[in-house]
Amino acid sequence: MTPTNQATLESIIGRRTAHDYTGERVDDELVENALLAANHAPNHKHTFPWRFTILGPAARQEVAELGVTTKAAGNELTEQQQERTRNRWLSPSHMIVITQVRCDDPDRNREDYAACACAIQNMMVYLASVGVHSKWSTGGLSKRPEIHGIAGIDKNIEQVIGFVLVGIASGLPNVSRPELESVVRRTP
Ligand SMILES: Cc1cc2nc3c(=O)[nH]c(=O)nc-3n(C[C@H](O)[C@H](O)[C@H](O)COP(=O)(O)O)c2cc1C
């Protein structure tokens with residue numbers, strides 16, 4: 001008999017990036033569990049290169065305002081556009097800044113980034129397994145140098161590789177995936 005774990009497979013397949021959130025609060029305990037899952041990701045040479053900074057309410061407000069400036073990119077946004085942008089960053093229940101510990105060796109840097117990606121996926125799959133949605137965002141806001149200061153991160157030691165937004169989705173996109181046979185080869 002082939003052993004199967006349908007629940008794990010369903011969490012992996014069911015995880016979907018959420019772009020819009022209801023504002024509903026997710027239990028801190030679930031986020032802590034997600035970070036525990038992240039910290040168990042594989043990493044070459046035991047570098048454990050990931051760091052997670054959970055933003056508090058004051059930092060969230062600062063990020064949201066920076067989001068408005070970033071979106072405006074020197075232009076004037078209407079009040080409604082500003083509010084929509086603020087809401088985009090404030091409506092997820094939690095916002096976590098993901099950083100990778102810097103290193104000078106390009107090979108190790110590449111492997112460390114891969115390990116951080118594994119950590120993020122662990123986090124998001126765990127959240128999916130408990131009915132919580134998430135998004136890894138590497139957009140312009142996450143690249144703003146001000147993020148280091150807001151999150152209290154030493155930019156000489158760690159680099160921001162994105163945000164993970166956590167919350168309850170108000171809608172989920174339908175993402176069609178390639179057929180498995182189009183991405184898998186088998187050799188004799
Ligand atoms: C490294 C990485 C960076 C991403 N950055 C963004 C982003 O900045 N904005 C965004 O809307 N989605 C971002 N995503 C999420 C993708 O849009 C999403 O994974 C893709 O649409 C597939 O959907 P799924 O996650 O529901 O399978 C990112 C995903 C990855 C892996």
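We now turn to the structure provided with this report. Just so you know, these numbers come straight off a predicted model, no measurement behind them.

**Quick look at the environment of proline 49**
Step number 1: Mapped onto the secondary structure, proline 49 falls in the loop between helix H2 (28-39) and strand S2 (50-54).
Step number 2: As for proline 49 and serine 93, which are separated by 44 residues in sequence, their C-alpha atoms are 25 Å apart.
Step number 3: Once residues lying within four places of it in the same chain are set aside, the contact partners of proline 49 are Asn43, Gln100, Val101, Asp112, Ala115 and Cys116.

**Thoughts on the sheet that holds strand S4 (residues 133-137)**
Step number 1: A sheet is described by the order of its strands in space; here 4 strands give the open sequence S2-S3-S5-S4, paired in antiparallel fashion. On the outer flanks of this sheet lie S2 and S4, each paired with one strand and no other. The average undirected angle you get between the axes of adjacent strands in this sheet is 25 degrees.
Step number 2: Both S4 and strand S5 (residues 158-167) contribute to a ladder of 5 bridges, which runs antiparallel. Bridged to serine 137 within S5 is phenylalanine 163.

**A closer look at the nonpolar core**
Step number 1: In terms of nonpolar packing, the biggest core is built from 29 residues, with Val97, Ile98, Ile120, Met123, Val164 and Val166 touching the most fellow members.
Step number 2: Breaking this core down by element, the ones donating at least two residues are H2, strand S3 (94-101), helix H5 (106-129), helix H6 (146-151) and S5.
Step number 3: Top element by residues in this core is H5. It accounts for 8 residues.
Step number 4: Excluding residues that lie within four positions of it along the chain, methionine 123 makes contacts with Ala34, Leu35, Ala37, Ala38 and Val164.

Quick notes on the rules
- Residues numbered from 1 in each chain as written.
- Predicted model: local features only at pLDDT ≥ 70, side-chain atom pairs only at ≥ 80, totals over all residues.
- Helix = DSSP H or I, 4+ residues; strand = E, 2+ residues; numbered from the N terminus.
- Contact = placed C-beta atoms within 7 Å.
- Pairing = 2+ DSSP bridges.
- Axes fitted to C-alpha atoms, helices over the stretch in contact; angles between N-to-C directions.
- Core = buried A, V, L, I, M, F, W, Y, C linked by C-beta atoms within 7 Å.
- Buried ≥ 20, exposed ≤ 12 C-beta atoms within 10 Å, placed from the backbone.

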